[in-house]
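# Chain and residue survey
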Amino acid sequence: MDFSQEMEQIKQQLYSLGITDKTYAEILELAAEEIMDNALQDLQDKDLSVLESVEAQLIEDPSTIEEADKNISLIFSAAYGDRAEETKQEMLLEYLKDVLEQTKATKDLIERYQAEDPTAVATIESNK
């Protein structure tokens with residue numbers, strides 16, 4: 001299965017769990033932030049001088065999608081070289097898989113709580 005098929009499958013599973021278009025867009029924004037943070041950390045771990053060079057080339061406070069995409073591409077290219085796009089897709093897919101699993105677990109906990117499962121009730125009560 002290729003990346004776009006896996007992404008679509010996860011998206012449909014999230015929708016079936018009650019996620020809306022708006023929420024899915026917010027999830028993607030959060031994913032982008034986390035992926036960028038990971039790439040910057042990897043770049044910093046790799047070579048601080050390269051990170052400083054990349055920072056000098058970044059568009060500060062990008063105001064368009066194109067400017068933001070340019071920044072993302074620059075960071076990923078510096079951090080991962082020829083594997084930049086593949087790594088970005090892998091990171092996004094992994095993030096969405098985690099969101100899907102957490103959503104399933106949360107929905108299961110809520111359903112068990114509503115059914116007055118003692119374990120679920122205790123879990124929720126202890127987290128209040």
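Residues numbered from 1 in each chain as written. Predicted model: local features only at pLDDT ≥ 70, side-chain atom pairs only at ≥ 80, totals over all residues. Heavy atoms only, no water.

### As for helix α4 (residues 65-80)
- The first and last C-alpha atoms of α4 sit 22 Å apart over 16 residues, in line with the 22 Å expected at 1.5 Å per residue.
- Among all positions in α4, only Asn-71, Ile-72, Ile-75, Phe-76, Ala-78, Ala-79 and Tyr-80 are buried.
- Lining the buried residues of α4 we find α2 (21-46), α3 (48-57) and α5 (84-114).
- Positive phi shows up at Gly-81, right after α4, with a value of about 60°. (Helix = DSSP H or I, 4+ residues; strand = E, 2+ residues; numbered from the N terminus. Expected span 1.5 Å × (residues − 1). Buried < 20%, exposed > 50% of the residue type's maximum accessible area, 1.4 Å probe, protein only. Contact = heavy atoms within 4.5 Å.)

### Some words on the packing of aromatic side chains
- Scanning the entire structure with this criterion turns up 2 aromatic pairs.
- Their ring planes at 85° and their centres at 5.9 Å tell us that Tyr-15 and Tyr-24 sit as a pair that is edge-to-face.
- With centroids separated by 5.4 Å and ring planes inclined at 45°, the aromatic side chains of Phe-76 and Tyr-80 adopt a geometry described as tilted. In this pair, Phe-76 and Tyr-80 are both assigned in helix α4, 4 residues apart and thus about one turn of the helix distant. By the burial criterion, Phe-76 is buried, and Tyr-80 matches it.
- Here the basic side chain of Lys-88 rests over the ring of Phe-76, its NZ or CZ set 5.7 Å away from the ring centre. (Phe/Tyr/Trp six-rings, centres within 6.5 Å; stacked < 30°, edge-to-face > 60°. Lys NZ or Arg CZ within 6 Å of the ring centre and 35° of its normal.)

### What about the side chain of Thr-87?
- Tracing the backbone shows Thr-87 in helix α5.
- For Thr-87, the side chain forms a polar contact with the main-chain oxygen of Arg-83, separated by 2.7 Å. (Polar contact = N/O pair within 3.5 Å; in protein donor to acceptor, adjacent residues only side chain to side chain.)

### Details of the pattern of salt bridges
- Here the structure, examined in full by the defined rule, presents 8 salt bridges.
- Here Lys-88 and Glu-85 are joined by a salt bridge, their closest N and O atoms 3.3 Å apart. Taken as a pair, Lys-88 and Glu-85 lie in helix α5 at a separation of 3 residues, close to a single helical turn.
- Under the relative-accessibility criterion, Lys-88 is labelled partly exposed at 21%.
- A salt bridge links Asp-117 to Arg-112, with the nearest nitrogen and oxygen atoms 3.0 Å apart.
- By relative accessible area, which is 22% here, Asp-117 ends up partly exposed.
- Look at Arg-112 and you get partly exposed, because its relative accessible area is 30%. (Salt bridge = Lys/Arg side-chain N within 4 Å of Asp/Glu carboxyl O.)

All we've got here are geometric facts, nothing functional implied.
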